[in-house]
Amino acid sequence: MDYEQSPNRAYGGAAVGSGGRQKKAPVPVKIIVAGGFGVGKTTTVGAISEISPLTTEAEMTSASVGIDNPGQASMKTTTTIAMDFGVLTIDQTLKLYIFGTPGQSRFAFMWDDLIKGALGALVVVDTNRIDDCYPAVDYFERAGLPFVVGVNTFNGQMQYSLDEVRWALAVREDVPVLAYDARFRASVRDALLVVLDQALDKAIRQKAT
C-alpha cells in the first residue's frame, strides 16, 4: 500500500520541508524570573507559558508565621519551595525556557544551580515591599547576569513611580526598570522581550571586545 509523503515530515527529530531542507530547531534560551516572596513570580510564569507550567507550590502552614510574609493585603496561601518552569516559543528560531526562583532567603542556595546557562533575568518587584527585592538585584549584579526590574502593578496600582523604584534599588542607568502586570500574557511577553534585548546587548559588547 502506498502512502503519500507529508510535506513537513519529521526525520530523526528534525522537520523536513517540502523543499527537502531540514528546518533548524529553535535556539533554546534560559530566562530566570526572580524576586522576593509573594511578588508574582509564579503568576508571571503561568501567564506566559505555552505549556501547563511546572510549579512546586506547597500550602503555607503555621510554621511559616513570622518567617514568610506575603504582605498584609495578600491572599496568598501557597509558596514555591523549589522552582517554577514554563516555555514560550518566540518564533521559529527562538524558544524561551523560563525558570522561576523561590522567593524565601532560606532557598537562596538553589539560585546558583538555577542560573547556570541563563542569559538574563526578570526581577519582579512589589512596590509595597521594595526591600524584599534587594537580594535578587544584588545577586544578579554580582553574577554579571543581565537583568530587568519589572514592577508588578497588582491591579494597575503602584505605590511609587519607576524613577523612585530605580532610586530605591540603586540600579545602574543601563538596567531597564519597567511596569508590567503578571496576570496578563502580553504584558509578561513585553517584559521578557526587554530581558532578551539586554542579553543581546551584552553578547554584542562581549563580541566587540
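Position numbers for residues count from 1 along each chain, tracking the sequence in the order it is written. The predicted nature of this model means local features are confined to residues of pLDDT at least 70 and side-chain atom pairs, given and counted, to a pLDDT of 80 or more, with totals for whole chains, interfaces and linings taken over all residues. Values reported for side chains reflect all heavy atoms of the structure, with hydrogen atoms and water molecules removed beforehand.

By the naming in an unreviewed UniProt entry, the chain is ATP-binding protein, taken from Paractinoplanes deccanensis. UniProt positions are given in the numbering used here, feature names are shortened, and annotations may be inferred rather than shown by experiment. In its Sequence similarities (unreviewed entry) section, UniProt records this for the chain: "Belongs to the GPN-loop GTPase family."

Draft legend 1. Highlighting the overall build of the chain. Secondary structure elements are taken from DSSP: a helix is a run of H or I of four residues or more, a strand is a run of E of two residues or more, and numbering for both begins at the N terminus. If you tally the helices and strands in the chain, you get five helices and 10 strands. Looking at the 209 residues of the chain, the share that counts as buried comes to 41%. Within the chain, residue pairs in contact and separated by at least 24 positions form 69% of the contacts whose partners lie at least 6 positions apart. Of the roughly 12,000 Å² of accessible surface on the chain, a fraction of 54% belongs to carbon and sulfur atoms. Working definition: with a 1.4 Å probe on protein chains only, accessible area under 20% of the residue-type maximum means buried, over 50% means exposed, and in between means partly exposed. Any two residues whose heavy atoms approach within 4.5 Å at even a single point are treated as in contact. Every accessible area reported is derived by Shrake-Rupley at a probe size of 1.4 Å, with residue values counting cover from the shown protein chains alone.

Draft legend 2. Summary view of helix H3 (residues 134-143). Looking only at H3, the buried set comprises Ala136, Val137, Tyr139 and Phe140. Taken end-on, H3 shows its buried residues confined to a sector of 160°, consistent with a single buried face. Exposed side chains of H3 directed beyond 90 degrees from the buried face belong to Pro135 and Arg142. Summarising the contacts, the buried residues of H3 are in contact with strand E3 (27-35), helix H2 (111-114), strand E8 (118-125), strand E9 (147-152) and helix H4 (162-169). Looking one or two residues beyond H3, the residue adopting positive phi is Gly144, at roughly 75°. As used here, the arc belongs to the directions running from the helix axis to the C-beta atoms.

Draft legend 3. Examining the nonpolar core more closely. Put simply, buried Ala, Val, Leu, Ile, Met, Phe, Trp, Tyr and Cys residues joined by side-chain atoms within 4.5 Å make one nonpolar core. Of all hydrophobic cores here, the largest spans 48 residues; its most connected members are Phe140, Phe147, Val149 and Leu192. Sort the elements by how many residues they give to this core and E8 lands first, with six residues. Once you skip the residues sitting within four places of it in the chain, Phe140 turns out to touch Ile32, Ala34, Trp111, Ile115, Ala121, Val123, Leu145 and Phe147.

Draft legend 4. Quick peek at the packing of aromatic side chains. The aromatic pairing rule takes the rings of Phe, Tyr and Trp, using the six-membered ring of Trp, and pairs them if the centres are within 6.5 Å, calling planes under 30 degrees apart stacked, those over 60 edge-to-face and the rest tilted. Summed over all chains, the structure comprises four aromatic pairs. Ring geometry for Phe85 against Phe99: centres 4.9 Å apart, planes inclined by 55°, an arrangement best described as tilted. Here Phe85 is found in strand E6 (residues 84-91), whereas its partner Phe99 is found in strand E7 (residues 94-100), with 14 residues between them in sequence. We note that Phe85, like Phe99, is buried. One aromatic cluster in this structure is built from Phe85, Tyr97 and Phe99. Directly above the ring of Phe99 sits Lys30, whose terminal nitrogen or CZ lies 4.7 Å from the centroid. Remark: a charge is flagged as sitting over a ring if the NZ atom of Lys or the CZ atom of Arg is within 6 Å of the ring centre and within 35 degrees of the ring normal.

Draft legend 5. Region of the structure containing the pattern of salt bridges. Here, a salt bridge means any side-chain nitrogen of Lys or Arg that lies within 4 Å of a carboxyl oxygen of Asp or Glu. Per the stated rule, a full pass over the model turns up six salt bridges. Here Asp190 and Arg189 are joined by a salt bridge, their closest N and O atoms 3.0 Å apart. By relative accessible area, Asp190 is classed as partly exposed at 39%. Given the relative accessible area of 38%, Arg189 is considered partly exposed. If you follow the salt bridges from partner to partner, you end up with Asp126, Arg129 and Asp132 in one network.

Draft legend 6. Molecular detail of the sheet that holds E9. By this definition, two strands are paired if DSSP reports at least two bridges between them. The strand order across the open sheet built from six strands is E6-E7-E3-E8-E9-E10, with neighbouring strands paired in mixed fashion. Two strands close off the open sheet at either side, each with one partner strand: E6 and strand E10 (177-180). The sheet shows a mean angle of 30° between the axes of neighbouring strands, direction not considered. With six bridges joining them, E3 and E8 adopt parallel strand pairing. Bridge pairing in E8 links Gly35 to Val124. Inter-axis angles, ranging from 0 to 180 degrees, are taken between N-to-C directions of lines fitted to C-alpha atoms, where helices are fitted over the stretch in contact. Its contacts with the sheet put H4 on E8, E9 and E10, and the angle it makes with E10 is roughly 125°. Here helix H5 (residues 185-208) sits on the sheet in contact with E3, E6, E7, E8, E9 and E10, set at roughly 135° to E8.

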